Amino acid sequence: MRRKIAYVILLLGMVSYVVRSQSYDTLRLTVETAVKIARRQSPDVLVARHSFRSAYWNYCFYKANYRPSLTFTSTPNFNHQINVVNLSDGSSHYVEQNQLMADGALSITQNIPWTGGSLSVNSGLQRLDLYGDSRTHTYKSNPVTVTYEQALFGYNSLKWDKKIEPLRFEEAKKSYVETLELVSTRAVTKFFDLARAQTNLRIASTNYANADTLYIFAQGRYNIGTITENEMLQLEVNRLTEESNRMNAQIEVDDYMQELRSYLGMTDRVVIEVEVRPEIPAAQVELDEALSLAFSNSPDRITMERRKRESESNVAYARSLSGLKADIYAQVGLTQTGDKVSSAYKDPLNQQYIQLGLRLPILDWGRGKGRIRVAESNRDMVYTQVEQDMTNFELNVLKVVKQFNLQTSKVNVAAKTDQTANRRNEVARRLYILGKSTILDLNASISEKDTAKRNYINALYNYWTLYYTLRSLTLFDFVKGMPLTEDYESLLK
């Protein structure tokens, strides 16, 4: 009865697998193909592209602050109301006003990064219309006006932006390339998750077929009394165990296949068959070379430098808020009025305006000094953290390089072990059928075979993970011998 139930479960499993296989197309994937698809359309890559575009436009905004800007301004207004007007004799009267003011001005402004001030050249024209018993109008012109604004002893954001923003954009470019390598690493992880699951399914299917064959063969031997009942029951347990393992393996395959499809950005319900190839890139990496490339190319180094400069900027800002503050505003130009546009530009008069603002805190109960001390303390903390991060970064690079250089040998050993374990299992199975071996020897050979196959898959997984991790740390392709880069212009389309 139990045997009939087992055959029914087996038949249902085969039918379910055939239906799934026939319902969807099958896609065979190697690890390199999976990585290419992930780098092109995985959700992480799409997020990284948007992040880079944001960084690019922030950089464009920063660059625009150092270029001249051209602006047109106009604030026309109509005023018809009773207002208080001060007369020449010092008295005030309520006077009805009915007037229209129209103006237009063109201004060119240039920020000065060395001082933090701004220089502008303006030209404008105003027209005033008065309505009443008789309508009159006048014009006021400012043919040219030069204005300079400057904060003395203040925080020069233009100077600090010039030190920080180029680093930030360079960091964004290298971070995008690094993200592609990290995406490759995650794709490798999900690829080999499915590879392990499909390997376990193949192992379980093979083991079940062998266990079923041995169980049927053992029934004949048991009937003639050449094996004990205990051994017969052990073979039946093996067959049921392998049947359960196969069903569990099928569930794992479905789960990991869905995860891989999702990460690769696949919307079609394709059946993925992973193909684990023994070929791996032949590369040996020198420690000093990898360390030099990591310090030259990694975005982490740029991030550390940016953090240091930002901490210095915060100290400068805190100091600008304390002590003497002064603002200067100077304007020189020409102006004239007239009842016609032409007369408003005839014989213009000189005009000058200078304003100086001073602020000196006398008693602030140590607020300014405390603000500076906090900023300096944060700067020192950042410097300490950066030094520790640099040390950890160097140690991580050295560790990954050493592990990667050893992993090729580990893959070769795992491959030979897998082949040897397969041969040993075949020998053990034949010997058991011939009655020259025990069930314990057969079970041990099966366990060793399965373990060797899984270890081989894990060795390949570790190799590819270390391979792309090393690329992400150094942004260098050690197989082709060239730095990793991207066509950043295409990312903006």
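In the block above lies the structure referred to throughout.
Throughout what follows, the structure given in this document is the object of discussion. As the structure is a prediction and not an experimental result, all values here were calculated from the model.

### Re the side chain of glutamate 376
Residue placement: glutamate 376 occurs in helix α9 (residues 367-433). A polar atom in the side chain of glutamate 376 sits 2.9 Å from the side chain of arginine 319. In this view, glutamate 376 contacts Val315 and Arg319; residues no more than four positions away in its chain are not counted.

### What about the pattern of salt bridges?
Considering all chains together, one arrives at 26 salt bridges under this definition. Notably, a salt bridge pairs arginine 127 with aspartate 129, separated by 2.8 Å at the nearest N-O pair. By relative accessible area, aspartate 129 is classed as buried at 3%. A salt bridge links arginine 471 to aspartate 477, with the shortest nitrogen-to-oxygen separation between them at 3.4 Å. Judged by relative accessible area, arginine 471 falls into the buried class, the value being 8%. Residue class for aspartate 477 comes out buried when judged on its relative accessible area of 8%.

### Quick notes on a negative patch on the surface
Where like charges cluster on the molecular surface, the negative patch consists of Glu252, Asp254, Asp255 and Glu259. Looking at the element boundaries, aspartate 254 is found in helix α5 (residues 229-263).

### Overview of the packing of helix α2 (residues 31-41) against helix α3 (residues 43-64)
To characterise two packed helices, one gives the angle between the axes of the helices and the distance between these axes. As a packed pair, α2 and α3 sit with axes 6 Å apart at the nearest point and diverge in direction by 40 degrees. As the angle between them shows, α2 and α3 are arranged oblique. Contacts from Ala38, Arg39, Arg40 and Gln41 in α2 reach Pro43, Val45, Leu46 and Arg49 in α3. In terms of residue class, the contact of α2 with α3 is made up of 4 nonpolar, 1 polar and 3 charged.

### Thoughts on the packing of aromatic side chains
The tally for this structure, following the rule as stated, stands at 22 aromatic pairs. Aromatic side chains phenylalanine 52 and tyrosine 176 sit 6.1 Å apart centroid to centroid with 45 degrees between the ring planes, which places their arrangement in the tilted category. Separated by 124 residues along the polypeptide, phenylalanine 52 in helix α3 and tyrosine 176 in helix α4 (residues 157-223) bring together distant segments of the chain. Relative to tyrosine 463, the ring of phenylalanine 404 lies with its centre 5.2 Å away and its plane at 35 degrees, an arrangement referred to as tilted. Residue phenylalanine 404 is located in helix α9, and its partner tyrosine 463 is located in helix α10 (residues 439-474); the two are separated by 59 residues in the primary sequence. The exposure class assigned to tyrosine 463 is buried, which follows from its relative accessible area of 0%.

### Quick word on α3
Counted at 1.5 Å a residue, the expected span for α3 with its 22 residues is 32 Å, and the 32 Å between its end C-alpha atoms agrees. Here α3 has its buried residues at Val45, Ala48, Phe52 and Tyr62. Projected onto a plane normal to the axis of α3, the buried residues spread over an arc of 90 degrees and lie on a single side. Of the exposed residues in α3, the ones pointing more than 90 degrees away from its buried face are Val47, His50, Trp57 and Phe61.

### Comments concerning the pairing of strand β7 (residues 271-274)
Here β7 shows a buried face lined by Val271 and Glu273 and a second buried face lined by Ile272 and Val274. Summarising the sheet, strand β1 (residues 26-29) and β7 pair through 4 bridges and their orientation is parallel. By the bridge assignment for β7, leucine 27 is matched with isoleucine 272.

### A short note on the environment of isoleucine 280
Assignment of secondary structure puts isoleucine 280 in the loop between β7 and α6 (287-297). Separated by 183 residues in sequence, isoleucine 280 and tyrosine 463 place their C-alpha atoms 8.2 Å apart. With residues near it in sequence (within four places) discarded, isoleucine 280 still touches Thr408, Val411, Leu460, Tyr463 and Trp464.

### Thoughts on unusual backbone geometry
Its identity is not glycine, yet aspartate 347 carries a phi of approximately 50 degrees, on the positive side. Its place among the elements puts aspartate 347 in the loop between α8 (341-344) and β9 (349-359). Of note in this structure, leucine 475 is not a glycine but carries a positive phi near 50 degrees. Mapped onto the fold, leucine 475 is located in the loop between α10 and β10 (476-477).

Basis of the calculations
Residues numbered from 1 in each chain as written. Predicted model: local features only at pLDDT ≥ 70, side-chain atom pairs only at ≥ 80, totals over all residues. Heavy atoms only, no water. Helix = DSSP H or I, 4+ residues; strand = E, 2+ residues; numbered from the N terminus. Polar contact = N/O pair within 3.5 Å; in protein donor to acceptor, adjacent residues only side chain to side chain. Contact = heavy atoms within 4.5 Å. Salt bridge = Lys/Arg side-chain N within 4 Å of Asp/Glu carboxyl O. Buried < 20%, exposed > 50% of the residue type's maximum accessible area, 1.4 Å probe, protein only. Patch = residues over 30% accessible without salt bridge, like charges linked within 9 Å, V, L, I, M, F, W, Y side chains within 5 Å. Areas by Shrake-Rupley, 256 points an atom, 1.4 Å probe, with all protein chains shown as cover. Lys, Arg positive; Asp, Glu negative; His and termini not counted. Charge placed at Lys NZ, Arg CZ, Asp CG, Glu CD. Axes fitted to C-alpha atoms, helices over the stretch in contact; angles between N-to-C directions. Parallel < 35°, antiparallel > 145°, perpendicular 65-115°, else oblique. Nonpolar A, V, L, I, M, F, W, Y, C, P; charged D, E, K, R; others polar. Phe/Tyr/Trp six-rings, centres within 6.5 Å; stacked < 30°, edge-to-face > 60°. Expected span 1.5 Å × (residues − 1). Arc of directions from axis to C-beta. Pairing = 2+ DSSP bridges.

All we've got here are geometric facts, nothing functional implied.
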